[in-house]
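Spelled out, the chains give:
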Amino acid sequence: MTSKFTLLLKSLVAFVIVLNLNACKPDEGTDDNQPTESISQSLTSSGKFSMFISAIDRAGLSGSLSSTASNYTLLAVSDLLLQDNGIDFTAMTDDEVKSFVKLHLIAGKKNPSDFTNKGYVSSEANEGLNGEKLSIYTEVVNETPYFNGLASFNKFDATNGVIYELEKNLRPLTLLETIQTNPNLKNYYSGIILDGAIKTQLSLETDNTVFAINETELVEFLKTQSQITMGGLSASMRRSILNNTMIYDETVASSGLTGTITTEGDDMVATNSGGSIKINGTIDVIQQDIYSTNGVIHIINGVILQ
């Protein structure tokens, strides 16, 4: 009896100790779990972003990344990787350094969950035509956020935003490169590559507008032609499909997509109802105003045929 009583007493004491220990643990979301350093302070504390910090200083953005007045998402690259990528800020002008930093800066705090829809965010780099902000393609693969196809492998929360450490620095992309970066435009991109004239046009420093065809709908169309890739189509059919999605030497933002639109192929008719845009009454513009260095892309969910 005494042995059983002793065992029971020990169990009760152990239970009380566990309860007290749990009571002393900070709750999730309390101040103990909150970041205490700004983006600038976090970069400095890490000890591996001195080159990026110097670039931020030259760009005149130190104050913004230290203040809690606004939140930012910074895509930072370590000294080692910047050197590996041949980046030398001392060889750049102040304007070039500022453009570099702003391409790696996104307004607002963006958590990984904000990148799961395989869409685009605007950088702070006003390098697009007419000063539009360059777009960055984002997606999450196996819980890792990717930016223009580049993986991030560290995340640092800050009092005024968040830092993602990239495997390589971003660079401004042309229309052709922007299309290439998006896996949802895989077949559309392959069609462009097979057409030398269109490929060249989308690489030039000139204004262009592209209505890129989403992969799912383009594959479905190819099935109706008993094909699985754009390479299986005749050159004339492929050129016709692509020309119907191209406007050369002009940037047409979503706000201008209304009425008859003249393309390199057949005219299209666009209707805009509260920002919801349809082409020829049946095809939706599912992503709008994706800006590159030489134009704008709108992604559509169908093949335009006349």
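Since we're looking at a predicted model, the values are computed, not measured. (Residues numbered from 1 in each chain as written. Predicted model: local features only at pLDDT ≥ 70, side-chain atom pairs only at ≥ 80, totals over all residues. Heavy atoms only, no water.)

**Digging into the overall build of the chain**
Inclusion rule: Runs of E in the DSSP output that reach at least two residues are strands. Runs of H or I that reach at least four are helices, and both are numbered from the N terminus. Throughout, exposure labels follow a simple rule: accessible area from a 1.4 Å probe, protein chains only, divided by the maximum for the residue type, with under 20% read as buried, over 50% as exposed, and the rest as partly exposed. Per-residue accessibility takes into account occlusion by the displayed protein chains alone, with areas from the Shrake-Rupley method and a 1.4 Å probe.
A tally of helices and strands in the chain yields eleven helices and 14 strands. The proportion of buried residues among the 306 residues of the chain is 42%. Working note: accessible area of the chain is about 15,400 Å², and carbon and sulfur atoms make up 50% of it.

**Thoughts on the pairing of strand β1 (residues 72-76)**
Put simply, the rule is: Pairing between strands requires that DSSP locate at least two bridges from one strand to the other.
In terms of burial, β1 is largely enclosed, as five of its five residues are buried. Both β1 and strand β2 (residues 105-107) contribute to a ladder of three bridges, which runs antiparallel. From the neighbouring strand, Leu-74 faces β2, where its bridge partner is Leu-105. Bridge analysis of β1 against strand β7 (residues 161-166) gives five bridges, and the strand direction is parallel. The residue bridging Tyr-72 from the neighbouring strand is Gly-161, located in β7.

**Section: helix α10 (residues 215-224)**
How we decide: Directions are taken from the helix axis to each C-beta atom, and the arc is the one they span. Throughout, a contact is declared for two residues whenever any of their heavy atoms are within 4.5 Å.
Three or more residues of α10 are buried, namely Glu-215, Leu-218, Phe-221 and Leu-222. Down the axis of α10, the buried side of the element spans an arc of 125 degrees, and every buried residue falls inside it. Exposed residues on α10 whose side chains face more than 90 degrees from its buried face are Thr-216, Lys-223 and Thr-224. Those residues of α10 that are buried lie in contact with α8 (186-193), β8 (208-213) and α11 (235-243). Immediately beyond the C-terminal end of α10, within one or two residues, lies Ser-226, with a positive phi of roughly 60 degrees.

**Side note on the side chain of Asn-160**
Short version of the rule: Here a polar contact means two N or O atoms within 3.5 Å. Within protein one must be a hydrogen donor candidate and the other an acceptor candidate, and residues neighboring in sequence count only if both atoms are side-chain atoms.
Counting through the fold element by element, Asn-160 comes out in the loop between β6 (150-158) and β7. According to the relative accessible area criterion, Asn-160 is buried, its value standing at 0%. A distance of 2.9 Å separates a polar side-chain atom of Asn-160 from the backbone oxygen of Leu-65. Engagement of the side chain of Asn-160 in a polar contact is seen with the backbone oxygen of Ser-67, the distance being 2.9 Å. If we ignore the near neighbours within four places in the chain, the residues touching Asn-160 are Ser-38, Ile-39, Ser-64, Leu-65, Ser-66, Ser-67, Thr-68, Ser-70, Asn-71 and Tyr-72.

**Here we look at the sheet that holds β7**
Spelled out, the test is: Only the stretch in contact is used when a helix axis is fitted, and all axes are lines through C-alpha atoms; the angle between N-to-C directions ranges over 0 to 180 degrees.
With mixed pairing, seven strands are arranged side by side in an open sheet as β2-β1-β7-β6-β5-β4-β3. Two strands close off the open sheet at either side, each with one partner strand: β2 and β3 (119-122). With strand direction ignored, the average angle separating the axes of adjacent strands in the sheet is 35 degrees. Direction of pairing for strand β4 (residues 135-141) relative to strand β5 (residues 144-147): antiparallel, over a ladder of four bridges. In the strand pairing of β5, Val-140 is matched with Pro-145.

**Topic: the packing of aromatic side chains**
To keep things clear, this is the line we draw: Centres within 6.5 Å are what make two rings of Phe, Tyr or Trp a pair, Trp counting through its six-membered ring; a difference in plane orientation under 30 degrees is then read as stacked, over 60 as edge-to-face, and the rest as tilted.
This model, assessed by the stated rule, comprises seven aromatic pairs. Relative to Tyr-164, the ring of Phe-147 lies with its centre 5.6 Å away and its plane at 55 degrees, an arrangement referred to as tilted. Taken as a pair, Phe-147 in strand β5 and Tyr-164 in strand β7 lie far apart in primary sequence, 17 residues in all. By the burial criterion, Phe-147 is buried, and Tyr-164 matches it. Aromatic rings pair up to connect Phe-52, Phe-89 and Phe-100 into one cluster.

**Side note on the packing of α8 against α10**
So the rule is basically this: Orientation labels follow simple angle bins: below 35 degrees gives roughly parallel, above 145 gives roughly antiparallel, 65 to 115 gives roughly perpendicular, and whatever is left gives oblique. In this count, Pro and Cys sit with the nonpolar residues alongside Ala, Val, Leu, Ile, Met, Phe, Trp and Tyr, while Asp, Glu, Lys and Arg are called charged and the others, Gly among them, polar.
Direction vectors running N to C along α8 and α10 enclose 65 degrees, while the axes themselves pass 7 Å from each other. Between α8 and α10, the angle is such that the two are roughly perpendicular. Mapping the contact onto sequence places Lys-186, Asn-187 and Tyr-188 in α8 and Glu-215, Leu-218, Val-219 and Leu-222 in α10. Tallied by class, the residues present in the contact of α8 with α10 amount to four nonpolar, one polar and two charged.

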